[in-house]
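Notes for the structure review
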Amino acid sequence: MSRFLQLHLLTFYPPSNVNRDDTGNPKTATVGGVTRLRISSQALKRAWRTSDIFSSALAGHMGQRTQRLGEEILRYLRDKNVEEKKAVAIAREVAGVYGKVKSEKDKNPARTEQLVFISPSERDAALAMADRLAAGEKVDLKKEQDTLLHRADSAADIALFGRMLASAPSFNREAAVQVAHAITTHRVTVEDDYYTAIDDLKQDEEDAGAGFLGEAGFGSGVFYLYLCINRDLLKKNLGEHGETGVAEAALGALAEAAMTVSPSGKQNSFAALARAGYVLAEKGNSQPRTLAGAFARPVGGTDLMEHSVKALKEFREELARVYGAGVDETCEMILGDKKSATLADIVAFCRS
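This is a predicted model, so every value here is computed, not measured. (Residues numbered from 1 in each chain as written. Predicted model: local features only at pLDDT ≥ 70, side-chain atom pairs only at ≥ 80, totals over all residues. Heavy atoms only, no water.)

1. Points about the environment of F117
Its location among the elements puts F117 in strand β5 (residues 116–118). For the pair formed by F117 and L165, sequence separation is 48 residues and the distance between their alpha carbons is 8.1 Å. The residues contacting F117, other than those within four sequence positions of it, are R49, G63, Q64, R65, E122, D157, I158, G162 and R163. (Helix = DSSP H or I, 4+ residues; strand = E, 2+ residues; numbered from the N terminus. Contact = heavy atoms within 4.5 Å.)

2. As for the pattern of salt bridges
A complete count under the given rule lists 17 salt bridges for this structure. When the shortest N-O distance is used, the salt bridge between R123 and E72 registers 2.4 Å. With a gap of 51 residues between them, R123 in helix α5 (residues 120–134) and E72 in helix α3 (residues 69–79) connect regions that are remote in the sequence. Residue R163 pairs with E122 through a salt bridge whose shortest N-O separation is 2.8 Å. Note that R163 is positioned in the loop between α7 (156–161) and β6 (177–179) and E122 in helix α5, a separation of 41 residues in sequence. For the pair R163 and E122, a shared accessibility class is recorded, and that class is buried. Within the structure, one salt-bridge network assembled from shared partners comprises E72, R123 and D124. (Salt bridge = Lys/Arg side-chain N within 4 Å of Asp/Glu carboxyl O. Buried < 20%, exposed > 50% of the residue type's maximum accessible area, 1.4 Å probe, protein only.)

3. Digging into the nonpolar core
Core analysis: the largest hydrophobic core is formed by 53 residues, its most contacted members being L9, W48, F54, L227, L254 and I346. Broken down by element, this core gets its largest block of residues, eleven residues, from helix α9 (residues 246–260). Within the second largest apolar cluster, 28 residues are counted, among which are L77, I90, V139 and L165. (Core = buried A, V, L, I, M, F, W, Y, C linked by side-chain atoms within 4.5 Å.)

4. Here we look at helix α11 (residues 304–323)
Across its 20 residues, α11 extends 28 Å between first and last C-alpha, which sits within 8% of the 28 Å expected from 1.5 Å per residue. Of the residues making up α11, those classed as buried are S308, V309, A311, L312 and L319. Within α11, the buried residues cover an arc of 165° as seen down the axis, which keeps them to one side. Exposed residues pointing more than 90 degrees away from the buried face of α11 are listed as E306, E317 and R321. (Expected span 1.5 Å × (residues − 1). Arc of directions from axis to C-beta.)

So, in structure tokens, the structure goes:
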């Protein structure tokens, strides 16, 4: 089995603002001395992980990133008619294994200060431990850490994207997937949309002004996105679950989501529900490499997608000439070429 799976995608986004900075404008980066639009890897991974594609393909193998595990334990104990004060104490004690709990005087005393990424099996273990404590069993939770926190994942998204547990670093998970920030292959200018909202109940005799005035930034372009998956690490993270088809399902879901799922920012205003126009999937055992260097010099012209594909292919060929092919198998999809692969072909290639 090839150790590495690499995905290179070119996706056109129409005027939109799918990933905002602290001022509300589209995120940008300066590359090659010019401004590019940027979509952060965090925004992309969040969109993929919460998509219907992931929830359908990985049903029963999805984690939860939350501060509210203790509250879930508390509701569970209340449903079992455990006395309130005792239930709160147990919920805080068990949640404290996963992260630092808030003060007892906080309005949400069972929540953790940090978001914690919890797998289904760890959630079940937490509820089982709550039952033991509610029954009066004396338990040293420090000695039971291996019962509550697991070193292999029943959650494919934790295995893919990793996790950090500040309170129990030995149970951290190194991500099997590396995701770059997507950037436009060309120079962009962020534009401003000046808009108004009208009060439907305003009378004709009143002033003609709008009920609200606003301004929002937007931009458009062809984005290059790069992903690298260490398939050996993915199977290691999944442990016994990696032998039951979960790894293959996770890789297929990741490829499909990367090709079809857009971040949710300002979608009601722009409907920028994009699909990849070009995808190159590669397998091999050599050191992976991004093809972002193809766009260090911004592409131009009227057909940005065509010129971006051309620049990527030429850069890849030059890398292969100098450093060797670096990959053993490829699968390529390009819109407009009826002989190229389809979404189903790319997904099957990634799963196999």
